[in-house]
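What follows is each chain in one-letter form.
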Amino acid sequence: MANDMERRPIDVLIAGAGYVGLATAVSIRSAAPHLSVAIVDAAPEGVWQRDTRASAVAAAACRMLDQLGCWAEVAPQAQAMTEMVITDSRASDPVRPVFLTFDGEVAPGEPFAHMVANKVLNGVLRRRAAQLGIDIIEGIAVHGFDVGPSCVVVHLADGATIDARLLVAADGVNSRLRDMAGIKTVRWEYGQSGIVCTVAHERPHNGRAEEHFFPAGPFAILPLPPDEKGGNRSSIVWTERTADANKLVAEDEFVFETELEQRFGLKLGEIRVEGKPRAWPLGLTLARDFVKPRFALCGDAAHGIHPIAGQGLNLGFKDAAALAEVVVEADRLGQDIGAIDVLERYQQWRRFDTLSMGVTTDVLNRLFSNDFGPVRAVRDLGLGLVDRLPRLKEFFIRQASGLSPHTPRLLKGEAI
């Protein structure tokens, strides 16, 4: 495939075959079938199938997937969130009072989010990409690129070159292409790591998601669809200080499950960890620029935020939808899709929203990841007030669902 593309210039080349890169490719190609789109990914072929994590897909992203022809295949393998409960306590507290609850619908019959396995989402997007004629080159990294007046010449690690009008970096929070483009970042570490695992439990969760704020960080229990035998499962995103998190995942199964049970509780009966838990260091990364001539950042390559609000995937889908809309509309007007004045429209659209979400998650993490008595009293009072104000709760649920003002068309369920 690389040799074929080496002989003929293409319109858009995307580096990164995660869900953001795939969604960007499918969004552009669906709206403008005459634009040639390809994806190159450094990860070995099939590695995405070993991803055991799951992600919260907000209502707006579900609408986007439906518009792209993907949701009908994803939906039977997704778990709707019917309720969200927030508590503030210590792991040793015998009772965890509920300070805030959210009903799980943004509209009748439309949950504010679904939990979807990453490999399910990736697989469906890959199949849709294949239907649209999007080439995916796996196991080959981008070695470098040279920007010219009419195209960007992309050099692959195997020696091949591809000419494209636009290069999109969707290669993750540690983006090599971002560094190649000379784009600086604002970045700091939280001294926390997120432990991710799947837990089987006796009793059904009934679609209820919970987030417990502990002194070391938030602990989220997110409902998953049943396993192949109909067993009950939930996804755990457990924030701990990095040193403690590394010790926990290195412990034997009994010690880990004992610590987990103290935080998980017994409301869903006995629990059992499926697979080996893993820990990822948490930090905040914001790119100073989202675009350069013939170059754009998308997804985690542009921003990496704390998972406290579960918005990482949904920010990436907003990027994909916005970039696709800008590119397609520019093409319809006969403009150069890689020109900096075109790409700056995407940057202006997405940078403020990204900065706002980064600051919000940073403040929330600092506010809730401590055990200082006066701060706890103030934040619990605030949670209680929000719980008693229906209009404010409605505002927060719509924000969490991704249905905010100035949303790209795809996230409204509309075609570009």
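In this text, all values refer to a predicted model and were calculated from it rather than measured experimentally.

Caption draft 1: Fine view of the sheet that holds strand S9 (residues 113–117). One open sheet holds the three strands; their spatial order is S3-S9-S4, and the pairing between them is antiparallel. On the outer flanks of this sheet lie strand S3 (54–58) and strand S4 (79–80), each paired with one strand and no other. Note that S4 and S9 share two bridges and pair antiparallel. Residue pairing in the sheet places Ala80 in a bridge with His114 of S9.

Caption draft 2: Region of interest: the pattern of salt bridges. Applying the stated rule across the entire model yields 18 salt bridges. Among the salt bridges present, the one from Arg127 reaches Glu73, with a minimum N-O distance of 2.7 Å. With Arg127 in helix H5 (residues 118–131) and Glu73 in helix H4 (residues 71–74), this residue pair connects regions lying 54 residues apart in the sequence. Residue Lys267 pairs with Glu210 through a salt bridge whose shortest N-O separation is 3.6 Å. Of this pair, Lys267 sits in the loop between helix H8 (253–264) and strand S18 (271–287) while Glu210 sits in strand S15 (residues 208–214); the two residues are 57 residues apart in sequence, bridging distant segments of the chain.

Caption draft 3: Representation of the packing of aromatic side chains in the model. Across all of its chains, the model carries six aromatic pairs by this definition. Measuring from ring centre to ring centre gives 6.0 Å for Tyr19 and Phe317, while their planes differ by 75°; the resulting arrangement is edge-to-face. With Tyr19 in helix H2 (residues 19–31) and Phe317 in helix H9 (residues 312–332), the pair connects residues that are 298 residues apart, well separated along the chain. Judged by centre distance (5.8 Å) and plane angle (75°), the rings of Phe219 and Trp238 are edge-to-face. Taken together, the residues span a long stretch of sequence, with Phe219 in strand S16 (residues 217–224) and Trp238 in strand S17 (residues 232–241) at a distance of 19 residues. Trp238 matches Phe219 in its accessibility class, with the two residues each being buried. Among the aromatic side chains, those forming a connected cluster through ring pairs are Phe214, Phe219, Trp238 and Phe256. Taking NZ or CZ as reference, Arg53 lies 4.9 Å from the ring centre of Trp280, over its face. Residue placement shows Lys267 over the ring face of Phe264; its charged tip is 5.3 Å from the ring centre.

Caption draft 4: Inspection of the packing of helix H3 (residues 59–67) against H9 at higher detail. Running from N to C, H3 and H9 point in directions that differ by 45°, and their axes come no closer than 10 Å. By the criterion of interaxial angle, the relationship of H3 to H9 is oblique. Regarding H3 and H9, the two cross each other, and that crossing is left-handed. Packed against H3, whose contacting residues are Ala61, Met64 and Leu65, the element H9 presents Asn314, Phe317, Ala320 and Ala321 at the interface. In terms of residue class, the contact of H3 with H9 is made up of six nonpolar, one polar and no charged.

Conventions adopted
Residue numbering note: each chain is counted from 1, following its sequence as written. With pLDDT at 70 or above as the cut-off, local features in this predicted model cover only qualifying residues; side-chain atom pairs require 80 or more to be listed or tallied, and sums for whole chains, interfaces and linings still use all residues. Working from all heavy atoms in the structure, the side-chain values ignore hydrogens and water. Two strands make a pair as long as DSSP finds a minimum of two bridges between them. Each helix is a run of H or I in the DSSP string that is no shorter than four residues. Each strand is a run of E no shorter than two, and both are numbered from the N terminus. Any Lys or Arg side-chain nitrogen found within 4 Å of a carboxyl oxygen on Asp or Glu counts as a salt bridge. Centres within 6.5 Å are what make two rings of Phe, Tyr or Trp a pair, Trp counting through its six-membered ring; a difference in plane orientation under 30 degrees is then read as stacked, over 60 as edge-to-face, and the rest as tilted. The buried label goes to any residue with under 20% of its type's maximum accessible area, the exposed label to any with over 50%, and the partly exposed label to all in between, with areas taken from a 1.4 Å probe on protein chains only. The criterion is that NZ of a Lys, or CZ of an Arg, lies within 6 Å of the ring centre and within 35 degrees of the ring normal, and then a charge sits over that ring. In this analysis an axis means a line fitted to C-alpha atoms, helices contributing only their contacting stretch, and an angle means the value between N-to-C directions, from 0 to 180 degrees. Comment on the angle field: the value is read as roughly parallel under 35 degrees, roughly antiparallel over 145, roughly perpendicular from 65 to 115, and oblique elsewhere. Less than a right angle of anticlockwise turn of the near helix away from the far helix marks a crossing as left-handed, whereas a clockwise turn marks it as right-handed. In what follows, a contact means two residues having at least one pair of non-hydrogen atoms within 4.5 Å. Under the convention adopted here, Pro, Cys and the residues Ala, Val, Leu, Ile, Met, Phe, Trp and Tyr are nonpolar, Asp, Glu, Lys and Arg are charged, and Gly plus all remaining residues are polar.

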